[in-house]
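What the coordinates show
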Amino acid sequence: MSLLVCKNLSFAYDGMTVVHNLNFKVEQGDYLCIVGENGAGKSTLIKGLLQLKKPSAGSITMGEGLKASEIGYLPQQTQIQKDFPASVREVVMSGFLGAHGLSPFYSASEKEEAMRHMEALEITDLSRRCYRDLSGGQQQRVLLARALCATRKLILLDEPASGLDPVVTRSLYDVVERINKKTGITVIMVSHDIPAAMEYASKILHLGSDRQLYFGSMDNYRHSAAYHSFLGGSAVHIWKHDGKLRSPQKKEQAGD
């Protein structure tokens, strides 16, 4: 069974539909990027997947034993959140709270797991630092470690590179890709960075202002009407791991 199945899914605010008739499925281990113009309902869809927003029509079905409370979530940060006066370790450990109910105590195994995630994200040396004193890139790594503490199956990331410089953005995308490939954790990421999405994602969901424009593999997306109408096709370039800027056509010719 698929990890997530969305069928004829719509969301509305004050009677006005903002996400209309979405149909897509996510399998275990997928890396799905949700792209589209501003106002297309990308963040609304994420709230729906987290069961923070009730659909106005259609359904979301979770499989593989997945529960909404077990989804790791890295939201867009507000300024208040960026100034949160807690230590890095406290922020990371808070990822376990969704499964704790009323209990405020962490087990030894949870403490060990949090340390493993901090080591993987190279933030163990920051564990005693105050979260609000960190750089934007460091804060995102902390929040990613927190999200990993909440799940073993699925993480949702809402514009995780927003406000970060290109070098830090590249590093963050590389970390997310490594998590996906090495742990098998499914990734769903909202992004306005379509070139990066095409480099990292296995699947693309492209939302228009009033309908779903595309859902399918990243490879097929490059040849879709949604891609060509939104980005002008060959005018788009993709940053590769070797630091060189290549067009999709050159990428294919080079056999990458």
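To keep things clear, this report deals only with the structure shown in the data block. If you're wondering where the values come from, they're calculated on a predicted model, not measured in any experiment. (Residues numbered from 1 in each chain as written. Predicted model: local features only at pLDDT ≥ 70, side-chain atom pairs only at ≥ 80, totals over all residues. Heavy atoms only, no water.)

This part covers the overall build of the protein chain. Helix and strand content of the protein chain: 10 helices and 11 strands. Of all intrachain contacts in the protein chain linking residues separated by at least 6 positions in sequence, the fraction that spans at least 24 positions is 65%. Of the roughly 12800 Å² of accessible surface on the protein chain, a fraction of 51% belongs to carbon and sulfur atoms. (Helix = DSSP H or I, 4+ residues; strand = E, 2+ residues; numbered from the N terminus. Contact = heavy atoms within 4.5 Å. Areas by Shrake-Rupley, 256 points an atom, 1.4 Å probe, with all protein chains shown as cover.)

The subject of this paragraph is the nonpolar core. Counting 48 residues, the largest nonpolar core has Val92, Ile123, Leu144, Ile204 and Tyr221 as its most contacted members. Ranked by residue count, the leading element in this core is helix H5 (residues 136–149), at seven residues. If we skip the residues at most four places from it in the chain, Ile123 touches Val88, Val92, Met118, Arg141, Val142 and Ala145. (Core = buried A, V, L, I, M, F, W, Y, C linked by side-chain atoms within 4.5 Å. Buried < 20%, exposed > 50% of the residue type's maximum accessible area, 1.4 Å probe, protein only.)

Think of an α-helix as 3.6 residues a turn; residues three or four steps apart then line up on the same face. End to end, helix H6 (residues 166–183) covers 26 Å across 18 residues, agreeing with the expected 26 Å (1.5 Å per residue, within 8%). Turning to H6, its buried residues number three or more, namely Thr169, Leu172, Tyr173, Val175, Val176, Glu177, Ile179 and Asn180. On the buried face of H6, the contacting elements are strand S3 (31–36), H5, strand S6 (154–158), strand S7 (186–190) and helix H7 (194–200). By the N-cap criterion, in which a side-chain oxygen at the helix start approaches the backbone nitrogen of a residue two or three places on, H6 is capped by Asp165, the distance to Val167 being 3.0 Å. Immediately downstream of H6, the backbone of Gly184 shows phi near 80°, a positive value. (Expected span 1.5 Å × (residues − 1). Polar contact = N/O pair within 3.5 Å; in protein donor to acceptor, adjacent residues only side chain to side chain.)

Let us now look at the packing of aromatic side chains. Within this structure, the stated rule accounts for five aromatic pairs. Ring geometry for Tyr221 against Tyr227: centres 5.6 Å apart, planes inclined by 65°, an arrangement best described as edge-to-face. An aromatic cluster is present here, built from Tyr214, Tyr221 and Tyr227 joined pairwise through their rings. Note that Lys53 overlies the ring of Tyr13, its terminal NZ or CZ placed 3.7 Å from the centroid. (Phe/Tyr/Trp six-rings, centres within 6.5 Å; stacked < 30°, edge-to-face > 60°. Lys NZ or Arg CZ within 6 Å of the ring centre and 35° of its normal.)

For the rest of this paragraph, the subject is the pairing of strand S8 (residues 203–207). Consecutive side chains of a regular strand alternate in pointing toward one face of the sheet and then the other. Burial within S8 is extensive, with five of its five residues counted as buried. Side-chain alternation along S8 places Lys203, Leu205 and Leu207 on one buried face and Ile204 and His206 on a second face that is also buried. Connecting S8 to the antiparallel partner strand S9 (residues 212–217) that follows it, the hairpin turn spans four residues. (Pairing = 2+ DSSP bridges.)

This part takes up the pattern of salt bridges. Two side chains carrying opposite charge are able to pair once their charged atoms lie near each other. Inspection of the entire model under this criterion finds four salt bridges. Between Arg152 and Glu113 there is a salt bridge, and its shortest N-O distance comes to 2.9 Å. In this pair, Arg152 is assigned in the loop between H5 and S6 and Glu113 in helix H4 (residues 108–120), connecting sequence segments 39 residues apart. The buried category is assigned to Glu113, whose relative accessible area is 6%. (Salt bridge = Lys/Arg side-chain N within 4 Å of Asp/Glu carboxyl O.)

Our focus in this paragraph is the sheet that holds S9. Ordered by their spatial adjacency, six strands build an open sheet running S5-S6-S7-S3-S8-S9, and the pairing between neighbours is mixed. Of all the strands in the sheet, the pair left with one neighbour each is strand S5 (72–74) and S9. With direction set aside, neighbouring strand axes in the sheet form an average angle of 10°. Relative to S7, S6 is paired through five bridges, and the arrangement is parallel. For Asp158, the partnering residue across the bridge sits in S7 and is Val190. Sheet strands in contact with helix H1 (residues 42–49) are S3, S5, S6, S7 and S8, and its direction is about 140° off that of S3. (Axes fitted to C-alpha atoms, helices over the stretch in contact; angles between N-to-C directions.)

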